[in-house]
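Read off the chains here:
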Amino acid sequence: MPGVKGPGEGFALFRRGTYPHSKLSLPFFGIHSCPQPRSMGRSSFAYLRSLWFLACRSQFPRTCPHVGGAANKLLIHSPLAVKFRSLLADTGATMKPPRPVRTCSKVLVLLSLLAIHQTTTAEKNGVDIYSLTVDSRVSSRFAHTVVTSRVVNRANTVQEATFQMELPKKAFITNFSMIIDGMTYPGIIKEKAEAQAQYSAAVAKGKSAGLVKATGRNMEQFQVSVSVAPNAKITFELVYEELLKRRLGVYELLLKVRPQQLVKHLQMDIHIFEPQGISFLETESTFMTNQLVDALTTWQNKTKAHIRFKPTLSQQQKSPEQQETVLDGNLIIRYDVDRAVSGGSIQIENGYFVHYFAPEGLTTMPKNAVFVIDKSGSMSGRKIQQTREALIKILDDLSPRDQFNLIVFSTEATQWRPSLVPASAENVNKARSFAAGIQALGGTNINDAMLMAVQLLDSSNQDERLPEGSVSLIILLTDGDPTVGETNPRSIQNNVREAVSGRYSLFCLGFGFDVSYAFLEKLALDNGGLARRIHEDSDSALQLQDFYQEVANPLLTAVTFEYPSNAVEEVTQNNFRLLFKGSEMVVAGKLQDWGPDVLTATVSGKLPTQNITFQTESSVAEQEAEFQSPKYIFHNFMERLWAYLTIQQLLEQTVSASDADQQALRNQALNLSLAYSFVTPLTSMVVTKPDDQEQSQVAEKPVEGESRNRNVHSGSTFFKYYLQGAKIPKPEASFSPRRGWNRQAGAAGSRMNFRPGVLNSRQLGLPGPPDAPDHAAFHPFRRLAILPASAPPATSNPDPAVSRVMNIKIEETTMTTQTPAPIQAPSAILPLPGQSVERLCVDPRHRQGPVNLLSDPEQGVEVTGQYEREKAGFSWIEVIFKNPPVRVHASPEHVVVTRNRRSSAYKWKETLFSVMPGLKMTMDKTGLLLLSDPDKVTIGLLFWDGRGEGLRLLLRDTDRFSSHVGGTLGQFYQEVLWGSPAASDDGKRTLRVQGNDHSATRERRLDYQEGPPGVEISCWSVEL
């Protein structure tokens, strides 16, 4: 009988992703079954048995539930990403251990982790995905995505399959269905209150429906489970739609790829149709390997593009020996369109129109910016450090035409200067010094700080110090709710709204999840701005900078769209306060039945010194003909685009509307949501199932403001560390025969954390499986001493093996050895032109400050870096490409790629594959970042964590350098003259480069180009 058994009957051991029926996402199917291993040796059984008692009694002194209940209850609450359950429905079977045993789900998971070397044989006949397809069609920015998964239960027992899909937060689910034994079970969208009352008492009490939840920064997760009969097949289909928003010059389509098992037929197709013409197309993935490159194909003409990802089974494998998939990450498509007409593009399909407006060639308007920065005690540590870093970068980006000031607040609010000051180089430098000294301490007085910012702008306006046609912005950053002064959120919102009176725009940034996002959102929307959550992470400073870039360049104010009254009806929002560079305004509506054959539009706005008007027109018949290609278009998409946009705007209006108007706005949004089958915050989807399974489930759309505490963890931190990350902690100290003793081992070693209350088999000296290596046995600096027990353990344990390991003591001894100086890796290894063997190992030890490492105007590339003599390596390296305009900044923490003022951060050793016209960026698990193009020199960056830790630079295809290459390293690709070897030492020579002599010494150095631990090579070493 399948199921989880007690320690006397066997164990169920799993490694994440080992078997083809493990959990997957996009979509995921978890086989919730724990089959009994077919064989297990006595020594292995004793090993696991001792761990069973130790873990339950030492780590979980609280009462654990009895084993013997239904198996599907035993592991359901485990935080491990892969869930296991056995369905014993309709069998009446129960599991009875040979004697009373107390355990719990976390113990079972711990056993599987510690016994990872034990060879077990599990049933391979389970639920299997034999087909997974994703079809995403983007028609005029509106994306319609269909995910279809087909599975079969190859087991001879009932199994449970879970469909799991991650989709963008801005998307609306429009349909979900399951086909089981030829019968279709659709998702039914209802008004939320009706669905709650009819199908779920738990939801009616305010509990989570559990089918849709927020995951990550920009994604939501949809999940449904269903029982699968033996040999039965199920088809899952999920449909969702979204309007792609232009941000910093590009539209972005994000698809999550995480199957966590090999799939026989896996195919993703992205079709893009843009009548304006596609001006730029870029693909990026965080899972691509060299083996998968051929699986991704891109085709493009003037108005259409087709991206296909179709990997074979062998391409999906991590290695020929492993049945694990490498697919785990994001597939991102970015593009932009041509904008030949200044009045924008009007597109028409099936009686509806959409008007896109993003004019080119306008000059940025001067701005008056007041930065209001929270420095309360809760901002201490990493938050205030990242805030200082971001603020300094933002100050550097101010235009000389701008004016600015800083207000910092905690218990009280303080102005940096009495009034606004011009963004001159002198003032910016002084503000940078002030920002660098901001310290976190005190309470949170948001009300006084905001009123001070408004008063600052008011006084400048009264004194006529605001330039004509300038734009005034207030940018608030806070991480918590008000605690000092006026603390009532509604009163603060009223105070600020009355003070601003529609004259200035307020943008609110909420740092982390301790702040009320709903409070900040209303505060911003009441005053013509918007709110954004800044997630606590290593790239928080970049998030702040990116947000500022979105609002840093206002182009127009008071923008209004006008159409003939006899031509259109039910038009969406058609007046806007501000248009920013890199964004786009969108207006949609319905054509009247007897309207004109040509739709005309007038767009008016204000420039700094004058009003401006744009006019455009569009032929109804010609536009209708544009959207007739069934391969790229899902018909009636423009009507759905109009409904989507209308619902989004109505929901936004409810935030800042009066209590009297809110209900009317909600009713309008609700009626449209039901009419067009959108799962919105006002509706729910009821997922129906076969009669013999559990009651129907309800899917609801999460609301941003309701997830403020979702980052609060509970339970055992020790287990969550292992279970969620599926990683073993890195070593505090380790020894490698190749690399020697390493006190602070990096990614290359494995770390043993000797912390109180956190035990593992090696620390405890537990007998391991026969084939498991004993690392402690050959450790040169540690010895294990088993001491006689002086007192019984606090918790009595009947197993003598456990009593014995409780008294293990770890001692350290000191050994003094005479070792030669370790061979170090140079800062840069340069292949010499025309040489197949000789290489230069270069260290710019005598250079201070930023150094121009190489530049080639014909290649359009420039590389700079800063060398730290104490660390014998670069503290940062930056590569700037002219075409395409991309900046890559590498530091020991991460790599930041900036294009079109938009920055993305990538951690070292994260897989990256990005292709854009003129540049390909790749990074593999070794952490080697390569920047290449068929016509360019390949530049490599690496964070070397071997001996001589730091950033390293490498070059390939150096024969592509032009004759104009220069720089500290680039000079060696001009004419190099070698002097004769020294008479006394043929390991010393002189190099003459551009009239300068450099001493070169033949030395043994460490080649870092293939990653740690490196290979010893002989090269000519040069210090500059």
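Quantities reported herein were computed from a predicted structural model and do not represent experimental measurements.

Reading the values: rules and limits
- Residues numbered from 1 in each chain as written.
- Predicted model: local features only at pLDDT ≥ 70, side-chain atom pairs only at ≥ 80, totals over all residues.
- Heavy atoms only, no water.
- Helix = DSSP H or I, 4+ residues; strand = E, 2+ residues; numbered from the N terminus.
- Buried < 20%, exposed > 50% of the residue type's maximum accessible area, 1.4 Å probe, protein only.
- Contact = heavy atoms within 4.5 Å.
- Areas by Shrake-Rupley, 256 points an atom, 1.4 Å probe, with all protein chains shown as cover.
- pLDDT = per-residue confidence, 0-100.
- Axes fitted to C-alpha atoms, helices over the stretch in contact; angles between N-to-C directions.
- Parallel < 35°, antiparallel > 145°, perpendicular 65-115°, else oblique.
- Nonpolar A, V, L, I, M, F, W, Y, C, P; charged D, E, K, R; others polar.
- Pairing = 2+ DSSP bridges.
- Phe/Tyr/Trp six-rings, centres within 6.5 Å; stacked < 30°, edge-to-face > 60°.
- Lys NZ or Arg CZ within 6 Å of the ring centre and 35° of its normal.
- Disulfide = S-S within 2.5 Å.
- Core = buried A, V, L, I, M, F, W, Y, C linked by side-chain atoms within 4.5 Å.
- Salt bridge = Lys/Arg side-chain N within 4 Å of Asp/Glu carboxyl O.
- Polar contact = N/O pair within 3.5 Å; in protein donor to acceptor, adjacent residues only side chain to side chain.

### Focus on the overall build of the protein chain
Helix and strand counts for the protein chain stand at 18 helices and 54 strands. The 1024 residues of the protein chain split such that 54% are buried. The contacts in the protein chain between residues at least 6 apart in sequence include a share of 69% that link residues at least 24 apart. Carbon together with sulfur atoms contributes 48% to the accessible area of the protein chain, which is approximately 45300 Å² in total.

### Considerations on the confidence of the model for the protein chain
Averaged over the protein chain, the pLDDT score is 76; the fraction of residues at 70 or greater is 72%. Confidence drops under a pLDDT of 50 for residues 1-125, and excluding neighbours within four residues, the segment shows 271 contacts in the predicted structure. Across residues 707-816, where pLDDT falls below 50, the model places 163 contacts with residues more than four positions away in sequence or in other chains.

### Describing helix α11 (residues 517-525)
Residue pairs three or four apart in sequence face the same way in an α-helix, which turns once every 3.6 residues. Counting buried positions over the 9 residues of α11 gives 7, a clear majority of the element. Of the residues making up α11, those classed as buried are Y517, F519, L520, K522, L523, A524 and L525. Along its buried surface, α11 packs onto α9 (446-462), β23 (471-478), α10 (489-500), β24 (505-511), β25 (531-534) and α14 (637-656).

### Side note on the packing of helix α7 (residues 382-396) against helix α8 (residues 425-436)
Where α7 contacts α8, the two axes come as close as 9 Å, and the packing angle between them is 175 degrees. Classified by the interaxial angle, the pair formed by α7 and α8 is roughly antiparallel. Contacts from R388, L391, I392, L395 and D396 in α7 reach V428, A431, R432, A435 and A436 in α8. A class-by-class count of the residues in the contact of α7 with α8 yields 7 nonpolar, no polar and 3 charged.

### Structural notes on the sheet that holds strand β30 (residues 598-606)
Within a beta sheet, neighbouring strands are joined by backbone hydrogen bonds and run either parallel or antiparallel to one another. If you trace the 4 strands from one edge of the open sheet to the other, you get β28-β26-β30-β31, paired in antiparallel fashion. The two strands at the open ends of the sheet, each matched to only one other strand, are β28 (575-580) and β31 (611-619). Strand after strand, the sheet turns through a mean of 30 degrees between neighbouring axes, direction not considered. Examined bridge by bridge, strand β26 (residues 554-562) and β30 share 4 bridges and lie antiparallel to one another. Of the residues in β30, the one forming a bridge with T560 is S604.

### Description of the packing of aromatic side chains
Tallying each qualifying case throughout the model produces 29 aromatic pairs. Centroid distance F163 to F176: 5.5 Å. Interplanar angle 45 degrees. Geometry classified as tilted. Residue F163 is found in strand β3 (residues 159-168), and its partner F176 is found in strand β4 (residues 172-180); the two are separated by 13 residues along the sequence. For the residue pair F163 and F176, the accessibility class agrees, reading buried in each case. Directly above the aromatic system of Y356 lies the positively charged group of R141, at a separation of 3.7 Å from the ring centroid. Here the basic side chain of K383 rests over the ring of F511, its NZ or CZ set 5.9 Å away from the ring centre.

### Some thoughts on the state of the cysteines
If you walk through the whole model with that rule in mind, you get 1 disulfide. With a sulfur-sulfur separation of 2.0 Å, C841 is cross-linked through a disulfide to C1019. Because the sign of the S-S torsion sets the handedness, a value of about -120 degrees for the bond joining C841 and C1019 places this disulfide among the left-handed ones. Of this pair, C841 sits in strand β39 (residues 839-843) while C1019 sits in strand β54 (residues 1015-1023), and the two are 178 residues apart along the sequence. An identical accessibility class is assigned to C841 and C1019; each is buried.

### Quick notes on the environment of N495
Within the fold, N495 resides in helix α10. Classification of N495 by relative accessible area gives partly exposed; the value is 28%. Taking the C-alpha atoms as reference, N495 lies 9.1 Å from M450; in sequence the two are 45 residues apart. Apart from the residues within four sequence positions on either side, N495 is in contact with N447, L451 and E486.

### Considerations on the sheet that holds strand β17 (residues 345-349)
Across the sheet, which stays open at both edges, the 4 strands sit in the order β17-β18-β29-β27 with antiparallel pairing between neighbours. Edge strands, defined here as strands with exactly one partner in the open sheet, are β17 and β27 (568-569). As paired strands, strand β18 (residues 352-357) and strand β29 (residues 585-591) are joined by 6 bridges and run antiparallel to one another. Bridge pairing in β29 places F353 opposite G589. Together, β17, β18 and β29 form the strand contacts of α14, whose direction differs from that of β18 by roughly 65 degrees.

### Considerations on the nonpolar core
L830, L840, V879, V888, W908, L929 and L941 are the most contacted members of the largest nonpolar core, which totals 62 residues. For this core, the element with the highest residue contribution is strand β49 (residues 938-944), accounting for 5 residues. Judged by nonpolar contacts, the second largest core, of 58 residues, contains I173, V226, I278 and F287.

### Examining the pairing of strand β44 (residues 894-899)
The element β44 is extensively covered by neighbouring structure, given that 6 of its 6 residues are classed as buried. In this sheet, β44 lies alongside strand β43 (residues 886-890) in antiparallel orientation, the contact comprising 5 bridges. Following the sheet pairing, R887 is matched in β44 by T898. Linking β43 to β44, which pair antiparallel, is a turn of 3 residues. One ladder, built from 6 bridges, connects β44 with strand β45 (residues 902-907); its direction is antiparallel. Along β45, the bridge assignment pairs V895 with Y906. Between the end of β44 and the start of β45, which pair antiparallel, lie 2 residues, with N900 showing a positive phi angle near 55 degrees.

### Re unusual backbone geometry
Between N883 and the following residue, P884, the backbone shows a cis peptide bond with an omega angle of 5 degrees. Relative to the helices and strands, P884 resides in the loop between β42 (873-881) and β43. Not every positive phi belongs to a glycine, and R141 is a case in point at roughly 75 degrees. Residue placement: R141 occurs in the loop between β1 (127-139) and β2 (142-153). Assessed through its relative accessible area of 0%, R141 is described here as buried. Not every positive phi belongs to a glycine, and D957 is a case in point at roughly 55 degrees.

### With respect to the pairing of strand β32 (residues 683-687)
Along β32, 5 of the 5 residues are buried, which leaves the element largely enclosed by surrounding structure. By the bridge criterion, 5 bridges tie strand β5 (residues 183-191) to β32 in an arrangement that is antiparallel. Bridging from a neighbouring strand, E191 pairs with T683 of β32.

### Examining the pattern of salt bridges
In total, this model carries 40 salt bridges according to the counting rule given. With its nearest N and O atoms 3.1 Å apart, the salt bridge here joins D843 to R1005. Remark: R1005 occurs in strand β53 (residues 996-1007) and D843 occurs in strand β39; sequence separation between them is 162 residues. Between R960 and D957 there is a salt bridge, with the nearest N and O atoms lying 3.6 Å from each other. Assessed through its relative accessible area of 33%, R960 is described here as partly exposed.

### A short note on the side chain of R334
With respect to the element layout, R334 can be found in strand β16 (residues 329-337). For R334, a relative accessible area of 4% puts it in the buried group. Polar side-chain contacts of R334 include one of 2.9 Å to the side chain of E252. Leaving out residues up to four positions away in the same chain, R334 has contacts with V250, Y251, E252, F280, L281, E282, E284, R899, R902 and S904.

### Let's talk about the environment of E639
Tracing the backbone shows E639 in helix α14. Residue classification places E639 among the partly exposed residues on the basis of a relative accessible area of 21%. Ignoring any residue separated from it by four or fewer positions in sequence, one finds E639 in contact with Y352 and Y676.

### Describing the environment of R258
On the secondary structure map, R258 appears in the loop between β9 (251-257) and β10 (265-273). Residues R258 and N330, 72 residues apart in the sequence, show an inter-C-alpha distance of 8.2 Å.

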